[in-house]
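Given next are the chains, with one letter for each unit.
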Amino acid sequence: NVVPLVGHTTLRGAVMADTSRAADAGERAAMRELLQEALDAGAFGVSTGTFYPPASAAPTDEIIDVCAPLRGRPGVYATHLRDEADHIVSAMEEALLIGRELDCRVVFSHHKLAGERNHGRSRETLNLISRAAAQQPVCLDCHPYPATSTMLRLDRVRLASRTMITWSKGYPEATGRDFDEVMAELGLDDEAAIARLAPAGAIYFLMDPADVGRIFSHPLTMVGSDGLPFDPHPHPRQWGTFTNVLRAMVREQGLLTLETAIHKMTGLAADQYGIAGRGLLREGYHADLVLFDPATVTDVATFSAPIQASQGIHAVWVNGRQVWDGETTSTERPGQVLTPGMALPRSK
């Protein structure tokens, strides 16, 4: 099942020839019109990624202006913040301001603290979220790994304790290898090596596991994988996020109860995104079900070998139809593109 969001970057790319500047009045109006069309067609809200070059030049007032069609709807504003390192608090405050101006829920996507000098600051950011939640709708998601993944960027290479290349069109031989090793092989400094590998993607080890655990323990935190399925050497979160939580955080660490972990994967997400009739085992609800053994369920994907299916999942049903029998997928395709306030099925 799919919950569609409209990308602010997609809107900018659709109407702007040059995304390295703020949008002018005409471009903002064109983006608003496209957003209105998408929301009328059933989109749940907007996502922004002001950390990334195509949207980093967009000022706060542009985002509020473009996203005006969200007002009066039970939508979400999901955001990958401008900064998740030294300036994370101001970036979070910007997102909360946008949420208040648009009167919609703010979702902090993949909440993290990047770089050693920011380790431990989750206490500060989670307190900010808790205070904000008393005044406006807000939630967050997180994955259980101490590393993140995105395009190969100099600022992230210099912030991370280790960088692994996930793909490279400039130097395909770098795929799956550490950046430092490739840099030495090429005899280049970090800036020149990035130019040689570009375009490229990477995994960055820059989070503190204690922060990850603390974030997961917050009552508003949902489990999110943020997987990139088409990387030649993807982050293991694509294949192992949810089973990693069940193995490590529930069974091994006791950080979460089984019931709490499952709710963070299901009912909490359905509630925060306004998805009717899903996320709970309740008569009349859609039967989106996973049958697993809590004593054996485990992730297998690793950073060195990320494309590996999890174990201990015995069956999966989507909208009441079985799509996995513990060994193979079926030919059933019962998933739907969901729309806000979708009616519940009739009870049988």
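Residues numbered from 1 in each chain as written. Predicted model: local features only at pLDDT ≥ 70, side-chain atom pairs only at ≥ 80, totals over all residues. Heavy atoms only, no water.

Draft legend 1. Quick peek at the sheet that holds strand 12 (residues 321-324). Across the sheet, which stays open at both edges, the three strands sit in the order 10-11-12 with antiparallel pairing between neighbours. Every other strand in the sheet has two partners, leaving strand 10 (289-292) and strand 12 as the edge strands with one partner each. Averaged over all pairs of adjacent strands, the angle between strand axes in this sheet comes to 25°, irrespective of strand direction. (Pairing = 2+ DSSP bridges. Helix = DSSP H or I, 4+ residues; strand = E, 2+ residues; numbered from the N terminus. Axes fitted to C-alpha atoms, helices over the stretch in contact; angles between N-to-C directions.)

Draft legend 2. Here's a closer look at unusual backbone geometry. For the bond from Ala198 to Pro199, the omega torsion is -10°, close enough to zero to count as cis. On the secondary structure map, Pro199 appears in the loop between helix 9 (190-197) and strand 8 (200-205). Positive phi, close to 55°, is recorded for His110, a residue that is not glycine. Relative to the helices and strands, His110 resides in the loop between strand 4 (105-108) and helix 6 (122-133). Its identity as a non-glycine residue notwithstanding, Asn319 has a phi of 50°, on the positive side.

Draft legend 3. Spatial organisation of the packing of aromatic side chains. Scanning the entire structure with this criterion turns up three aromatic pairs. Summarising the aromatic geometry, the rings of Phe51 and Tyr52 are spaced 5.1 Å apart at their centres and angled 85° between planes, so their arrangement reads as edge-to-face. Pair check on accessibility: Phe51 and Tyr52 agree, each one buried. Relative to Phe303, the ring of Phe205 lies with its centre 4.7 Å away and its plane at 55°, an arrangement referred to as tilted. Residue Phe205 is located in strand 8, and its partner Phe303 is located in the loop between strand 10 and strand 11 (313-318); the two are separated by 98 residues in the primary sequence. Relative accessible area serves as the criterion here: at 16%, Phe303 is assigned to the buried category. One aromatic cluster is present, formed by Tyr145, Phe205 and Phe303 through successive ring pairs. Its guanidinium or amino end placed over the ring of Phe51, Arg153 lies 3.9 Å from that ring's centre, counting from NZ or CZ. (Phe/Tyr/Trp six-rings, centres within 6.5 Å; stacked < 30°, edge-to-face > 60°. Buried < 20%, exposed > 50% of the residue type's maximum accessible area, 1.4 Å probe, protein only. Lys NZ or Arg CZ within 6 Å of the ring centre and 35° of its normal.)

Draft legend 4. Spatial organisation of the side chain of Asp299. By the element assignment, Asp299 lies in the loop between strand 10 and strand 11. Classification of Asp299 by relative accessible area gives buried; the value is 11%. At a separation of 3.0 Å, a polar atom in the side chain of Asp299 contacts the side chain of Asn244. A distance of 2.5 Å separates the side chain of Asp299 from the side chain of Arg247, its partner in a polar contact. (Polar contact = N/O pair within 3.5 Å; in protein donor to acceptor, adjacent residues only side chain to side chain.)

Draft legend 5. Representation of the packing of helix 8 (residues 179-186) against helix 9 in the model. Where helix 8 contacts helix 9, the axes come no closer than 10 Å and their chain directions differ by 90°. When the axis of helix 8 is compared with that of helix 9, the two are roughly perpendicular. Contacts from Phe179, Val182, Met183 and Leu186 of helix 8 reach helix 9 at Asp190, Ala193, Ile194, Arg196 and Leu197. For the contact of helix 8 with helix 9, a count of residues per class yields seven nonpolar, no polar and two charged. (Parallel < 35°, antiparallel > 145°, perpendicular 65-115°, else oblique. Contact = heavy atoms within 4.5 Å. Nonpolar A, V, L, I, M, F, W, Y, C, P; charged D, E, K, R; others polar.)

Draft legend 6. The pattern of salt bridges, seen in detail. Enumeration over the complete set of coordinates arrives at 22 salt bridges. Of the charged contacts in the structure, one is a salt bridge between Arg28 and Asp61, with a shortest N-O distance of 2.9 Å. Of this pair, Arg28 sits in helix 2 (residues 25-40) while Asp61 is found in helix 4 (residues 60-66), placing the two residues 33 residues apart along the sequence. With a relative accessible area of 12%, Arg28 lands in the buried category. Among the residues examined, Asp61 registers a relative accessible area of 44% and is labelled partly exposed. A network of salt bridges, in which partner residues are shared, links Arg28, Arg32, Asp61 and Asp65. (Salt bridge = Lys/Arg side-chain N within 4 Å of Asp/Glu carboxyl O.)

Draft legend 7. Focus on the pairing of strand 12. Relative to strand 12, strand 11 is paired through three bridges, and the arrangement is antiparallel. Note that in strand 12 the partner of Val318 across the bridge is Arg321. Linking strand 11 to strand 12, which pair antiparallel, is a turn of two residues; within it Asn319 sits at a positive phi near 50°.

Without other data, these values stay purely geometric and don't point to any function.
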